[in-house]
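Structure at a glance
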Amino acid sequence: MIVTTTPSVEGRTIQEYKGIVFGEVISGVNVLKDFGAGLRNMFGGRAAGYEEELMKAREEALAEMEERAARMGANAIVGVDIDYEVLGSDNGMLMVTASGTAVTVR
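Just so you know, these numbers come straight off a predicted model, no measurement behind them. (Residues numbered from 1 in each chain as written. Predicted model: local features only at pLDDT ≥ 70, side-chain atom pairs only at ≥ 80, totals over all residues. Heavy atoms only, no water.)

**Describing the overall build of the protein**
What counts, and what does not: Each helix corresponds to a stretch of at least 4 residues labelled H or I by DSSP, and each strand to a stretch of at least 2 residues labelled E; elements are numbered beginning at the N terminus. When accessible area is computed with a 1.4 Å probe and restricted to protein chains, residues below 20% of their type maximum are described as buried, those above 50% as exposed, and intermediate ones as partly exposed. Note on areas: these come from Shrake-Rupley sampling with a 1.4 Å probe, and a residue is covered only by the protein chains present in the view.
Assigned secondary structure in the protein consists of 2 helices and 4 strands. Counting from the amino terminus, helix and strand elements in the protein follow one another as β-β-α-α-β-β. Every one of the 106 residues in the protein was classed for burial, and the buried ones make up 28%. Approximately 6,700 Å² of the protein is accessible, and the part contributed by carbon and sulfur atoms is 53%.

**Digging into a nonpolar patch on the surface**
The test is simple: Like charges within 9 Å and nonpolar side chains (Val, Leu, Ile, Met, Phe, Trp, Tyr) within 5 Å are joined into patches, using only residues over 30% in relative accessible area that form no salt bridge. What makes a salt bridge here is a side-chain nitrogen of Lys or Arg within 4 Å of a carboxyl oxygen of Asp or Glu, nothing more.
A surface patch of nonpolar side chains, amounting to about 230 Å² of accessible area, comprises I26, L87 and M93. By secondary structure assignment, the location of I26 is in strand β2 (residues 14–28).

**Describing the sheet that holds strand β3 (residues 76–87)**
What counts is decided by this rule: Pairs of strands are assigned from DSSP output, requiring at least two bridges between the strands.
With mixed pairing, 4 strands are arranged side by side in an open sheet as β1-β3-β4-β2. Bordering the open sheet on either side are β1 (2–3) and β2, each of which pairs with just one other strand. Relative to strand β4 (residues 93–105), β3 is paired through 10 bridges, and the arrangement is antiparallel. When the bridges of β4 are listed, V86 appears paired with L94.

**Some details on the pairing of β3**
The pairing of β1 with β3 spans 2 bridges and is classified as parallel. Paired with I2 across the strands is A76, a residue of β3.

**Structural notes on the side chain of E53**
Using the following cut-off: Any N or O atom pair separated by 3.5 Å or less is treated as a polar contact, with the protein-specific requirement of one donor-capable and one acceptor-capable atom, and with residues adjacent in sequence counted only for side-chain atom pairs.
With respect to the secondary-structure elements, E53 resides in helix α2 (residues 48–71). The exposure class assigned to E53 is buried, which follows from its relative accessible area of 10%. Separated by 3.2 Å, the side chains of E53 and S27 make a polar contact.

**Topic: the environment of G23**
Our working definition: Here a residue-residue contact requires only that any non-hydrogen atoms of the pair lie within 4.5 Å.
Position of G23 relative to the elements: it lies in strand β2. By relative accessible area, G23 is classed as buried at 0%. Separated by 43 residues in the primary sequence, G23 and E66 have C-alpha atoms spaced 7.9 Å apart. Excluding residues that lie within four positions of it along the chain, G23 makes contacts with A61, E64, M65, R68, V96, T97 and A98.

**What about the side chain of S99?**
Counting through the fold element by element, S99 comes out in strand β4. Discounting residues that sit within four places of it in the chain, S99 has contacts with V21, F22, M65, G79, V80 and D81.

**Focus on the environment of D81**
Among the secondary structure elements, D81 is positioned in strand β3. For D81, a relative accessible area of 38% gives the class partly exposed. Linking D81 and T4, residues 77 residues apart in sequence, is a C-alpha distance of 9.1 Å. For D81, the residues in contact, after removing those within four places along its chain, are T97, A98 and S99.

So far we have only geometry, and geometry alone does not tell us how the molecule works.
As structure tokens, then:
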């Protein structure tokens, strides 16, 4: 599966537009990661726990989007966009959404 943020795939011709596809992941950030991030916020440095959770959620959202495109018969996704949000009453949930247009290219 070719996945790109551009509106086309260089050197390939889009044969058919299959439709918009999404991949969504909502994950909770646990108390230990919150505590570690709070210390990093106070003393400086990178919040490795949050970064790891963000990277994992992004990869899962992209994989889910690819699976949905494949079920539609697509072999590429163009115009991919990834959005991030925090949810919940205490902002303890991370939502990552990947979207794009499923296409067949030749």
